[in-house]
Amino acid sequence: MSSPLNPTLSTPTIGVFDSGFGGLTVLRALIARIPQARFAFIGDTARLPYGSKSRRTIARYAAESARFLVEEQGADYLVIACNTASALALDAIQEAVPSSVPVIGVIEPGAEAAKRASKTGDVLVIATDATVQSHAYAAACQARGLRALEKACPLLVPLVEEGWTTPDPFAFSGTEAHAAQAAAAPPQVAVTAEVFRIYFAELTAEAASLGLHPDTLVLGCTHYPLLKPLIQQAIPAGMQAIDSAESAADKLVSYLETAGYPSAPSAESVEFASPETAIRCFATDSVEKFERLGPRFLGRPVGQVRLVDLGG
Ligand code: DGL
């Protein structure tokens, strides 16, 4: 096991957790906002997917990863970069670590982003089975005056984990550029696009039957931002596809500011912003796959991914 990172006030250690690689999309947003921090990321790839499991199992798995990040990696803050764990296990995670470690989930930030984006007040949410069954998004949206219609899309996570996405989903931000990239993608990407289109058609048909006028699609799974080029192409012009990565990063920044961490990187801490020193990635299985696909999610090298055995 590698030695713990040593937190100092100028270089907080942020522990980031997902069931797989999807949480790297959140890590990407965190690094952009807080480059001075040190990051330890764990993907529980041995036990993925969480989205088809029970609350009890998800809570047990998530608590083990949380303890690893705090006890063995010295995390001062935890970001649960997994909608499923955020929806079903946030309390269990907070109980598993000292109360001095703030735990930030992605559901509330996702609902907050939906609130900012939607003009009609009607939003669509796509997520894993477990997240949808928890209705965590519906509740978080309702608390903000939004009506949310949720749909489970269980085939999307395996397709993303298989790498059946456009080669560099984050290279372009405009809809046209996304469309161009989707068109130039390898043939298996067409399968992913078709799967999304079918789910989305079912969802919009249900929304219409309920008299909803959705203008926002919440990507309620941290794997889905990888599908953004395909999604932008399939949804109506004028509908926004949003994810919680940016909002979660904003939330962490406000925690850090409240705790008195410098808001601008210090000269000493910038040193840690290089991939080798700032980010430690761990996985409970499939290390090679993580190293191969991780850069696609993170937008930079993931460095050497270390294998961790969390037991159970
Ligand atoms: N990335 C997880 C999420 O955001 C889903 C993956 C899984 O099913 O484990 O919900």
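All of these numbers come straight from a predicted model, not from anything done at the bench.

**Points about the sheet that holds strand β2 (residues 38-43)**
Moving on, step 1. The 6 strands are arranged β4-β3-β1-β2-β9-β10 in an open sheet whose pairing can be described as parallel. Since the sheet does not close on itself, it has two edges, and those belong to β4 (103-104) and β10 (305-307), each with one partner.
Moving on, step 2. Pairing between strand β1 (residues 13-18) and strand β3 (residues 77-80): 4 bridges, direction parallel. Residue Val16 lies in a different strand from β3, and its bridge partner there is Val79.

**Here we look at the pattern of salt bridges**
Moving on, step 1. Evaluation of the coordinates by the stated rule reveals 9 salt bridges.
Moving on, step 2. Note that Glu202 and Lys151 form a salt bridge whose closest N and O atoms lie 2.9 Å from each other. Of this pair, Glu202 sits in helix α9 (residues 187-209) while Lys151 sits in strand β6 (residues 147-152), placing them 51 residues apart in sequence.
Moving on, step 3. Looking at Lys151, the relative accessible area reads 18%, which means it is buried.
Moving on, step 4. A salt bridge links Asp243 to Lys228; its shortest N-O distance comes to 3.2 Å.

**Comments concerning the site of the ligand**
Moving on, step 1. For the ligand, the set of nearby residues contains 14 residues, the closest of which are Ser19, Tyr50, Asn83, Thr84 and Thr222.
Moving on, step 2. Residue Ser19 places a side-chain N or O atom 2.6 Å away from an oxygen atom belonging to the ligand.
Moving on, step 3. The separation between an oxygen atom of the ligand and a polar main-chain atom of Tyr50 is 2.6 Å.
Moving on, step 4. Coverage of the ligand by the protein amounts to 99% of the 300 Å² it exposes when considered alone.
Moving on, step 5. A breakdown of the residues in the shell around the ligand according to their chemical character gives 6 nonpolar, 7 polar and 1 charged.

Criteria and cut-off values
- Residues numbered from 1 in each chain as written.
- Predicted model: local features only at pLDDT ≥ 70, side-chain atom pairs only at ≥ 80, totals over all residues.
- Heavy atoms only, no water.
- Pairing = 2+ DSSP bridges.
- Helix = DSSP H or I, 4+ residues; strand = E, 2+ residues; numbered from the N terminus.
- Salt bridge = Lys/Arg side-chain N within 4 Å of Asp/Glu carboxyl O.
- Buried < 20%, exposed > 50% of the residue type's maximum accessible area, 1.4 Å probe, protein only.
- Near = heavy atom within 4 Å.
- Polar contact = N/O pair within 3.5 Å; in protein donor to acceptor, adjacent residues only side chain to side chain.
- Areas by Shrake-Rupley, 256 points an atom, 1.4 Å probe, with all protein chains shown as cover.
- Nonpolar A, V, L, I, M, F, W, Y, C, P; charged D, E, K, R; others polar.

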